[in-house]
Amino acid sequence: MCGIVGYKGHQQVSSVIVNGLRRLEYRGYDSAGVAIIENGHYVIKKCAGLVEDLEKLVNHSQLKGTVGIGHTRWATHGAPTNENAHPHLDYTGKIVLVHNGIIENYQTLKKKLAKNGVEFVSQTDTEVLACFIGSIYEKVQNFELAVRLALSEVEGTFGIAVLCLDEPDMMIAVRRGSPLVLGLGNNEFIIASDASAIVQHTRQVIYLNDNEMAVIDGDTYVTKTIYDQETDSEIQEVEFELEKIEKGGFDHFMLKEIYEQPETFHNAIRGRLLSAEGNVKLGGLGPVRDKIRAAKRIIITACGTSWHSALVGEYLIEQLAHIPVEVEYASEFRYRNPIIYPDDVLIGISQSGETADTLAALREAKQKGATILGIVNVVGSTIARETDAGVFIHAGPEIGVASTKAFTSQVGVLAMLAIYIGRMIHLSQREAKVIAQELEKIPQKIQQILDNADKIKEIALQYKDAQNFLYLGRGLNFPVALEGALKLKEISYIHAEGYPAAEMKHGPIALIDENLPVVFIATKDDIYDKIISNIEEVRARKGKVIAIATEGDTQILTLADHVIYIPETDSMLTPILAAIPLQLLSYYISVALDRNVDKPRNLAKSVTVE
Ligand code: M6R
């Protein structure tokens, strides 16, 4: 979590930093701050609140300077207060620092420093790190050396940008576990947690690796490890269209991203579906094709929405490729010494490519000899770089904290992966053709659902005051129920649970009364009759039924209070279409409740801490 920006160049640094932080605000938004060097002194402005609150402070103070660092925070250690906001100054007043990550041994370091009389003004691990660097700097009087020595004793994760008042021409950025990108402009350098804060200035970037630092000194820079070995970092050109990270006329990023799905889904399948041949082309998997063919099982690991798409993937791969699939929460998997065989293939799914638990699970599997693959959105992200091979979903930047377009594209990629593996083993060309052709029609079917958004808005307004929601689905629609419930709770703060519809009888049925809206994903498939029985059970207890149903199904009209139709498709691809009305339902409920849709409380877009 947290977004970092550092700038050294010829522009007024305060506006560069504030603009950069605005782009990174999806990473955390409970407090923000900036430190700049102005006439040989630090000026530090920080506050609890949003980047726009910081901007007011900064504008009011008319800061002047060309070197500075900034931060937008998602609190880990210490509440979101002015004192805990970054940047943090050390006790000598010389070192100032912004940090993304967690210093795990901060208590030990803090005690050591306190014994020597250091007093702390915040509850953060970051201030401890600033003071620790400061204490070493006092002894060695060499800024870079002090940073390196300190970090070699630090446990945990960090992406940091640091300044030292004695070296006003120098800025140091270091990464372990939390992403950092160095942008190389025209006589200017910009450091940021991701490229979105950089592209306005330059497209030439270096992605720092773990334990790697960038030392910017005057007009030059060097990259090296924290153990002082120079590294040969590759300069890459970021492909990034600026308008993709603007709202483009929509009220919220989330709505824009929901409406982008016909296009983003098309981008996920473009050039990959070989419908006529009944196959798919996934170039990124070429180097590991034989390993995939030989795999006795596949493990998919992910968090949140990506975990829901993994559950859909389990059905798809088992159905089409007949390989057993296990789906694991990355956070659980990594800590239970999982049994991994060298012929296992482990797939990490992550929109951001930076989720700490997913990354750690992949590393664990790699260490145990498995082949690790990524299904990732962000090109250049850590998971994309560390996996043996993978498939990008090409959904473009997803800024809304609630994941929408990434889900549909992930499922699209998983469907193609299932065909890819299936065709290597036993899936017939005919069966593959049917699914591939159906995948091609998905963008237009998504558009059809979006064109009927008004009906969903009406339903949302009727149920906005409900205290609880239940989402039920069976088979492939069970993960969709989980996803629908997650979308609603994270942006509206209404309690919602997703459940396999048949499991309802074993507990949740006790919740049902005339005040409980129950959302059924009741599309036409071979277990349709079973879900109809579950709807009857809810009706018998006076629950309000909102059904997502297949176009042309008239039976459902007699059972449900509200029906939202989606176009017919192959039942294996239903989750892609069924997710869309659920995204819209939660969006409209949240707007009606006046929630901060794009920046829901307590959340951040990517969870780069455990
Ligand atoms: O970037 P990732 O896909 O790895 O993120 C995983 C989850 O943090 C993410 O899906 C989260 O649950 C979203 N807020 C859901 O909308």
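Reading the values: the criteria
- Residues numbered from 1 in each chain as written.
- Predicted model: local features only at pLDDT ≥ 70, side-chain atom pairs only at ≥ 80, totals over all residues.
- Heavy atoms only, no water.
- Helix = DSSP H or I, 4+ residues; strand = E, 2+ residues; numbered from the N terminus.
- Buried < 20%, exposed > 50% of the residue type's maximum accessible area, 1.4 Å probe, protein only.
- Contact = heavy atoms within 4.5 Å.
- Areas by Shrake-Rupley, 256 points an atom, 1.4 Å probe, with all protein chains shown as cover.
- Lys, Arg positive; Asp, Glu negative; His and termini not counted.
- Charge placed at Lys NZ, Arg CZ, Asp CG, Glu CD.
- Near = heavy atom within 4 Å.
- Polar contact = N/O pair within 3.5 Å; in protein donor to acceptor, adjacent residues only side chain to side chain.
- Nonpolar A, V, L, I, M, F, W, Y, C, P; charged D, E, K, R; others polar.
- Domains from an automatic or database assignment.
- Buried area = accessible area lost by both parts, 1.4 Å probe.
- Salt bridge = Lys/Arg side-chain N within 4 Å of Asp/Glu carboxyl O.
- Pairing = 2+ DSSP bridges.
- Axes fitted to C-alpha atoms, helices over the stretch in contact; angles between N-to-C directions.

**Student:** I keep staring at the overall build of the protein and nothing clicks. Help me out?
**Tutor:** Counting its secondary structure elements, the protein contains 18 helices and 26 strands. Reported as C-alpha extents along the three principal axes, the dimensions of the protein are approximately 75 × 55 × 45 Å. Burial statistics for the protein: of 610 residues in total, 60% are counted as buried. Considering only intrachain contacts with a sequence separation of at least 6, the fraction spanning at least 24 residues in the protein is 71%. Of the roughly 23300 Å² that the protein leaves accessible, carbon and sulfur atoms contribute 47%. Computing the positive centroid from 60 side-chain charges and the negative centroid from 79, the protein places the two 2 Å apart.

**Student:** What exactly am I supposed to notice about the site of the ligand here?
**Tutor:** In the region of the ligand, 14 residues are neighbours, and Ser306, Ser350, Ser352, Thr355 and Glu490 sit closest. Note that an oxygen atom of the ligand is positioned 3.0 Å from one of the backbone N or O atoms of Thr305. Residue assignment for the shell around the ligand shows that the elements contributing at least two residues are helix H9 (304-321) and helix H16 (477-492). Grouping the constituent residues of the shell around the ligand by class yields 4 nonpolar, 8 polar and 2 charged. When we break the shell around the ligand down by domain, the ones giving at least three residues each are domain 2 (246-451) and domain 3 (452-596).

**Student:** It is not clear to me how the domain arrangement of the protein should be interpreted in this structure. Could you clarify?
**Tutor:** Quoted interface sizes are often the accessible area lost when the parts come together. Each assigned domain of the protein is listed here: domain 1 (3-238), domain 2 (246-451) and domain 3 (452-596). The interface is formed by 9 residues belonging to domain 1 together with 10 residues belonging to domain 2. Summed over both partners, the interface of domain 1 with domain 2 buries about 740 Å², with 43% contributed by carbon and sulfur atoms. Contact with domain 2 buries area across many residues of domain 1, yet Tyr26, Arg175 and Tyr207 alone supply 47% of it, more than any other trio. Remark: the boundary between domain 1 and domain 2 carries 2 salt bridges. With a closest N to O distance of 3.4 Å, Glu246 and Arg23 form a salt bridge. In this structure, the connection of domain 1 to domain 2 is made through 4 residue pairs in polar contact (both at pLDDT 80 or more).

**Student:** Just checking my understanding: could you explain the pattern of salt bridges for this structure?
**Tutor:** Pairs can form between side chains of opposite charge once their charged atoms are near each other. The tally for this structure, following the rule as stated, stands at 29 salt bridges. Across the salt bridge formed by Arg293 and Asp290, the nearest N and O atoms sit 3.8 Å from each other. With Arg293 and Asp290 both in helix H8 (residues 289-294) and 3 residues apart, this pair spans about one turn of that helix. On the basis of relative accessible area, Arg293 is assigned to the partly exposed category, the value being 41%. A relative accessible area of 56% places Asp290 in the exposed class. Taking the shortest distance from any N to any O, the salt bridge between Lys366 and Asp388 comes out at 3.8 Å. On the criterion of sequence distance, the pair formed by Lys366 in helix H11 (residues 356-367) and Asp388 in the loop between helix H12 (382-386) and strand E21 (389-392) is long-range, its members being 22 residues apart. With a relative accessible area of 36%, Asp388 lands in the partly exposed category. Each member of the salt-bridge network shares a partner with another, and the members are Glu144, Arg148, Lys224 and Asp228.

**Student:** It is not clear to me how the sheet that holds strand E13 (residues 220-225) should be interpreted in this structure. Could you clarify?
**Tutor:** What holds strands together in a sheet is hydrogen bonding between their backbones, with the strands either parallel or antiparallel. Strands sit in the order E5-E6-E7-E8-E12-E13 across an open sheet of 6 strands; the sheet is antiparallel. Bordering the open sheet on either side are strand E5 (88-89) and E13, each of which pairs with just one other strand.

**Student:** Sorry, what's going on with the sheet that holds strand E24 (residues 517-522) here?
**Tutor:** Strand order across the open sheet formed by 5 strands is E23-E22-E24-E25-E26, with parallel pairing between neighbours. In this open sheet, the two edge strands, each paired with only one partner strand, are strand E23 (495-500) and strand E26 (562-566). Between one strand and the next, the sheet's axes are offset by a mean angle of 20°, whatever the strand orientation. For strand E22 (residues 468-473) and E24, the ladder comprises 3 bridges, and the chain directions are parallel. Residue Tyr471 lies in a different strand from E24, and its bridge partner there is Val519. Strands E22, E23 and E24 of the sheet are contacted by H16, whose axis makes an angle of about 175° with E23.

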